[in-house]
Amino acid sequence: MAEARDTGVLSAAKRTASTIQAFGSRLTRKKFVDTDVMETNLRRCLNTADITMLAIGHMIGSGVYVLTATVAKNMAGPAIVVAFLFSGFASFLAALCYAELGVRYPRSGSAYSYTYLALGELWAFLVGWNVSLEHVIGAAAISRACSAYIDSLTGGMIKNATDAMTGGTFHVPFLAERLDFLAFGILILFTVCLSFGVRMTSHLNNVFSVANMIVIVTIVCVGAYFSDTKNWTNPETGGFMPFGWSGVLAASASCFYAYVGFDSIASSGEEARDPQKSIPRATMISMGIATTTYVSVATVLTLMINYKDINDDSGLPDALDSHGAHWAKIVVIVGAVSGMATGIIGSLFALTRVIYVMADDGLLFAFCSNVNTRTKIPLGAMYIFASLSALMTLTLDINTLVEVMSIGTLFAYLVVSASVIILRYRPDLGPKSDSQELSSIGDSIEKLDDSGAGELRDRFQMLSIYINWGPGRLVTMCVLFFIIFTFLTCGFVIGCSSSIAEGSWWAIIILVVLLCGAIACFVLITLHQQSNTPLRYKVRLYIKSFAYHIKFLYYYACVLNKYI
C-alpha cells in the first residue's frame, strides 16, 4: 500500500514537472525566418513612397502644433532646437534597428514580431500589449486634440452645446471633464474610411500629409520673415539656453515622443511590395524630413517671439498673430487638423496589424486574425480595438493614460534595439521537418548556419574553458546586464548628481563600479563572432545599438525620476 502511494506521489510529481517544463517551453519559444516569409494573407501593394508618407504622417502631427510650444516655454527655451536634434538622433538609431529587423522579418507586428523572433513568446506578449495600448491611447488622445482644434473654429460652440446637453463638467478621477462626442465621431469616421482597404488608407494619408506639409512650409517661411535673433541672445531672459543643459536633456526626453510614429514603417512590412528595399529607404527619408520639420518649426517659433511669451495651447498662431499675420490661425488649424488626421490613421493602421499578428499567433482571440477576403484587412481586429479607443476618447482622461503609457513605449523600443544585437550573435535557427511554425528553444530546433555565430572568436577560444554556455547565450546575458548596469548608472547620476559633483568618495566608487560593469558586458560581446547571414540592409557599425541603449536609458531614467 505504501509503495503504491509513493509511486503515485512520484508519478504526480513527474507530471507536474513535465507540465511546468512544457509551460516554460511555450513561454520561451521563438519564431524563425522561414523561406516563404513573403507569403501573406494581406495585400502587398505599398511602395516606398506610400510607406514614407505613412511614417511622415504618423510622426509630424500634433507634436508640431502642441508639443513644440509647451516644451520651449517650460523646459528648454530656444535650446529646444538642440533638444529636437538630440531626440531625433536617438530616434534615428532606434529606427535603424527597426529597419534591419524589418528587412530580416518583413511581416506585420512591428516590435511584437521582432521580440518574438529574438527573445520569445513571453517578452513578445508584454511588448505586444504595450504597443497595442500605445496605439489605442494615442488614437484617442489625437482625436480629442483634433476635436479641440475644430471646436476653436466655431468659437467653442460644440463644447458649450455638449455642456448644456450633459449638465456641465464632471469631476471624477480618471474621467474626462466632459463627454467629447466630436472626438468619438472623428475616430469612428476614420475607422470606417480605413475599412475600404490599405490603398484607401494610403491615399487618405497622402492627402492629409501633403496638406500638413504645405501648411508647415508656409509657417516656416512666414515665421522666418518675422524672425529676430535678439530672442536667442537677450541676456535678460537667459539667452539661447536659459534652463541649461539639464533643461535641454529633459526636453529631449519629451521631444522623443514626437518621433514615435516611425514604427508605422515596420507595421507595413507585410503589405509592402519590396520590404527589403522600401523599409530602409522609407526609414531614412521619413526620419530626415521629420527632424528637419521639427527643428525648423522650433527655430522660427523661438525667433519670432520670446520663449517666455509663448502660449502653451496655441503657440504658433499667437506668435504669428503678434506680428500682424491674423490669417495664421486659420492656416495653423487646417495644418493641425490634417496632421492629427494622419496621426489617427497611423495609429489605427499600426494597431490593427499588431492585433492581427498576436491573434494569428494564438495570443488573442482567433477571430481577430480573420482577414476580409475583399479588402484584405483584419476588420474584426480594427473594429474591436478602434471602438475601445473611441470609448476612451469619449469618457476617460486621456492625458493621464498617455503619461503612464510613455514608459511602456520606451520599453518596447529598448527591447527592439536589444533584439538587433541578440540576433546578430545568434546562429540561424530553423525548425526540424516535423516541428510547428513556432519552434521552442529546446530540442525542436536545429542549427542551419555553421559559421560560428555567437561563438568566441578564434583568438579568445581559451576562454571557453571558463565560459561555455552555447552559441549566443552569453551574448544574450551580456545584453541583459548591459541594460541593467546602464539603467542603474543613469538613475544614479540623476538621483545623486550633487554628491558626484562634490566628489563624494562613495558616489565615485559606485559610479565607477557601474561603469565598469557596463564596459565589461560590452567587451564580452565583442569577443564573439557575428552571424554572416546575408541581409539587404544591416545597421552600419552596430555599436550604434549600444549608443542608442545609453541614450534611451537616460530618457527612461528621466521619465521614472519624474514620477518617483
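In case you missed it, the structure is sitting above this.
This one's a predicted model, so the numbers in the text were calculated from it and none came from an experiment.

Caption draft 1: View of the environment of Leu194. With respect to the helices, strands and loops of the structure, Leu194 is situated in helix α8 (residues 181-194). Taking relative accessible area as the criterion, Leu194 reaches 2% and is therefore assigned buried. Each C-alpha atom, one on Leu194 and one on Phe349, is 8.0 Å from the other, the two residues being 155 residues apart in sequence. Excluding its chain neighbours within four sequence positions, the residues that come into contact with Leu194 are Thr201, Leu204, Ile345, Leu348, Phe349, Ile377 and Met382.

Caption draft 2: Representation of a nonpolar patch on the surface in the model. On the surface, Trp469, Met477, Leu480, Phe481, Ile484 and Leu488 cluster together into a nonpolar patch covering about 530 Å² of accessible area. Note on placement: Met477 falls in helix α18 (residues 473-495). Classification of Met477 by relative accessible area gives partly exposed; the value is 31%.

Caption draft 3: Fine view of the state of the cysteines. This structure, assessed with the given rule, holds zero disulfides. Between Cys521, a free cysteine, and Cys478, which holds the nearest cysteine sulfur, the sulfur-to-sulfur gap is 5.2 Å. Judged by its relative accessible area of 8%, Cys521 falls in the buried class.

Caption draft 4: Seen up close, the packing of aromatic side chains. Tallied over the entire structure, the rule returns 16 aromatic pairs. Where Trp232 meets Phe240, the ring centres are 5.0 Å apart and the plane angle is 65 degrees; that geometry is what we call edge-to-face. Measuring from centroid to centroid gives 5.9 Å for Phe243 and Tyr307, while their planes differ by 70 degrees, and the two rings are edge-to-face. Separated by 64 residues along the polypeptide, Phe243 in the loop between α10 (230-233) and α11 (244-255) and Tyr307 in the loop between α13 (275-304) and α14 (315-321) bring together distant segments of the chain. Among the residues examined, Phe243 registers a relative accessible area of 32% and is labelled partly exposed. Ring pairing ties together the aromatic residues Tyr98, Tyr114, Phe262 and Tyr413, which thus form one cluster.

Thresholds applied
- Residues numbered from 1 in each chain as written.
- Predicted model: local features only at pLDDT ≥ 70, side-chain atom pairs only at ≥ 80, totals over all residues.
- Heavy atoms only, no water.
- Helix = DSSP H or I, 4+ residues; strand = E, 2+ residues; numbered from the N terminus.
- Buried < 20%, exposed > 50% of the residue type's maximum accessible area, 1.4 Å probe, protein only.
- Contact = heavy atoms within 4.5 Å.
- Patch = residues over 30% accessible without salt bridge, like charges linked within 9 Å, V, L, I, M, F, W, Y side chains within 5 Å.
- Areas by Shrake-Rupley, 256 points an atom, 1.4 Å probe, with all protein chains shown as cover.
- Salt bridge = Lys/Arg side-chain N within 4 Å of Asp/Glu carboxyl O.
- Disulfide = S-S within 2.5 Å.
- Phe/Tyr/Trp six-rings, centres within 6.5 Å; stacked < 30°, edge-to-face > 60°.

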